[in-house]
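Single-letter residue listing:
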Amino acid sequence: MNKYQGEPVAVIRHLREVHDAGTVHYEGIMTGAWFAESLESGVLEFGGNIRPDWQSGKMGAKTKRKVERWVEELLQNNAVIGNLSVRLDPSASDYEVERDEDGDLTLTLWSGHFDTAVDSQSRITAITKALANPVGTFNGQTRFATRIWMADDELAPRVASDYNTRGDKVNDTAAKFAYQDSADKRLARELLQKSRHLGVDNVEVLKNTVSASSSKLFAFNTLTQAMESFWHGDPINDTEERAQAQFLVDYWEALVSVRPEFGRMGKTERSALRGTSMAGTALSIHGVVAVAYEIYKRNLDPEEVLRPLAEPVYKDGEKVDYFSYDNPVWSKLGALVDTEGRKQLRMSFQTRRSVAVELMRRVGLEQASAVAS
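Overview of the structure.

Rules of the game
- Residues numbered from 1 in each chain as written.
- Predicted model: local features only at pLDDT ≥ 70, side-chain atom pairs only at ≥ 80, totals over all residues.
- Heavy atoms only, no water.
- Helix = DSSP H or I, 4+ residues; strand = E, 2+ residues; numbered from the N terminus.
- Rg over C-alpha atoms; globule rule 2.2 N^0.38 Å.
- Contact = heavy atoms within 4.5 Å.
- Areas by Shrake-Rupley, 256 points an atom, 1.4 Å probe, with all protein chains shown as cover.
- Lys, Arg positive; Asp, Glu negative; His and termini not counted.
- Charge placed at Lys NZ, Arg CZ, Asp CG, Glu CD.
- Expected span 1.5 Å × (residues − 1).
- Buried < 20%, exposed > 50% of the residue type's maximum accessible area, 1.4 Å probe, protein only.
- 1 Å grid on protein atoms, 1.4 Å probe; cavity = no way out; pocket = protein on both sides within 12 Å on 5 of 7 lines; lining within 4 Å.
- Points joined across faces, edges and corners; volume = space filled by probe spheres on them.
- Nonpolar A, V, L, I, M, F, W, Y, C, P; charged D, E, K, R; others polar.
- Phe/Tyr/Trp six-rings, centres within 6.5 Å; stacked < 30°, edge-to-face > 60°.
- Lys NZ or Arg CZ within 6 Å of the ring centre and 35° of its normal.
- Core = buried A, V, L, I, M, F, W, Y, C linked by side-chain atoms within 4.5 Å.

Here we come to the overall build of the protein chain. Secondary structure assignment for the protein chain yields 15 helices and 14 strands. In summary, the protein chain has a C-alpha radius of gyration of 28 Å against a globular reference of 21 Å for 373 residues, an excess of more than 25%. Counting only contacts in the protein chain whose residues sit at least 6 apart along the sequence, the fraction spanning at least 24 positions is 70%. Surface accessibility of the protein chain: about 19,500 Å² in total, with carbon and sulfur atoms responsible for 47%. Between the averaged position of the 46 positive side-chain charges in the protein chain and that of its 54 negative side-chain charges there is a distance of 7 Å.

What follows is about the side chain of Thr 222. With respect to the helices and strands, the residue Thr 222 is situated in helix H8 (residues 220-230). If sequence neighbours within four positions are ignored, Thr 222 has contacts with Ala 282, Ile 285 and His 286.

Taking 1.5 Å of rise per residue, 14 residues should cover 20 Å, and helix H14 (residues 349-362) covers 20 Å from first to last C-alpha, within 8% of that figure. Looking at H14, one finds that the buried residues are Thr 351, Val 355, Ala 356, Glu 358, Leu 359, Met 360 and Arg 362.

The probe, sized like a water molecule, is rolled over the atoms to show the empty space still left. Size it by volume and the second largest pocket reaches roughly 640 Å³. The wall of the second largest pocket is formed by 28 residues, among which Val 210, Arg 274, Thr 281, Ala 282 and Leu 345 lie closest to the centre. Among the secondary structure elements, those contributing two or more residues to the lining of the second largest pocket are strand S10 (218-219), H8, helix H10 (267-273), helix H11 (282-298) and strand S14 (342-345). A total of 4 residues in the lining of the second largest pocket trace back to one element, the largest contributor, which is S14. A class-by-class count of the residues in the lining of the second largest pocket yields 12 nonpolar, 11 polar and 5 charged.

Moving on, we get to the packing of aromatic side chains. Considering all chains together, one arrives at 15 aromatic pairs under this definition. Ring centres of Trp 252 and Phe 262 lie 6.4 Å apart, and the angle between their planes is 80°; on these two criteria the pair is classed as edge-to-face. With Trp 252 in helix H9 (residues 238-258) and Phe 262 in the loop between H9 and H10, the pair connects residues that are 10 residues apart, well separated along the chain. Of the two residues, Trp 252 and Phe 262, neither departs from the other in class, the shared state being buried. An aromatic cluster is built from Phe 218, Trp 231, Phe 247, Tyr 251, Trp 252, Phe 262, Tyr 293, Tyr 296, Tyr 322, Phe 323 and Trp 330, whose rings are joined through pairwise contacts. The lysine or arginine in question, Arg 147, covers the ring of Trp 149, its NZ or CZ lying 4.8 Å from the ring centre.

Moving on to unusual backbone geometry. Located in the positive-phi region is His 14, a residue other than glycine, with phi close to 60°. Position of His 14 relative to the elements: it lies in strand S1 (residues 10-20). The backbone phi angle of Ala 21 is positive, close to 55°, even though this residue is not glycine.

So, on to the nonpolar core. Within soluble globular proteins, side chains that are nonpolar generally end up buried alongside one another. In terms of nonpolar packing, the biggest core is built from 56 residues, with Tyr 251 and Trp 252 touching the most fellow members. For this core, the elements supplying multiple residues, two or more each, are helix H7 (183-194), H8, H9, H11, helix H12 (302-306), helix H13 (328-332) and H14. The element best represented in this core is H9, accounting for 10 residues. Leave out the neighbours within four places in its chain, and Tyr 251 touches Val 288, Val 291, Ala 292, Ile 295, Pro 302 and Leu 306. By size, the runner-up hydrophobic cluster in this structure holds 30 residues, among which are Tyr 26, Met 30, Leu 74 and Met 150.

This is the structure:
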């Protein structure tokens, strides 16, 4: 005989028992509509999540961008959501778990509610926003693998902490090299793979930085950031994308003919450049990509435009290589700062932009819209 009176708060069927954190929990399949309906009815509540954004009740810019990205992908019905989690506090709820003849478990919740104390509040928020979006393209019957954590207020923070701190996040370079979700990133990869001066043996594709002892030119993340900031080709189909990729390969060929530092070099040569020349630095990669776009937009000849990059400048009547740290323009721009008598690169959005503008000026394209906006 049922010991509880009245109607249950929720009945969740077809669950399986799992073991984690030394206790028993349950896993099943929930639809997008279930999350939205459960939030509306109070069966599920947002609460207890350890992320500061959710504790304050106000999404920060980073969380907002992440949620909006998921919403956009959900509206296209191709989002990568992964396993979701909800928490049920056994000490603050009444429930029963019964097994049927097929081995499936049914959880009947008589009092209490589920919450997001363990994980998934950002993704569940995105699901509900996608369902509420007037475009109406998200399929509410999309099925999500969901774990019901049976965790009190002592266990839940422990699980949430481990979820968010155990293991290292895949760095941006490795992630972007593995998958490109925009034309800019795909063009960067095409350039890397097709240019004889680049390739995975001359571009770091596993880490965000290049070791000081490495002969590699730059990290792939540097190139993708430069493309995202300064390449505005916006190809609308595969044909345009292939054409732009080929232009970039040809452009890099011309660049290396003028400045070999942007190609392949031995460890000794590369090491000698680091700390003495802007050529091949992350700042200069942003600059040469900005120049590349303007040449492409104006349908100019890269070999003709890039020649001034090989010409020296003069300091106190002496010839100085344009990219040399001794060229005072880099310090004036703030790209180089003096630290205890040693010049060091200053990486920031402002210096990337300033170096791009300077390279434009150097090759006679200083009015370029690519850096004027």
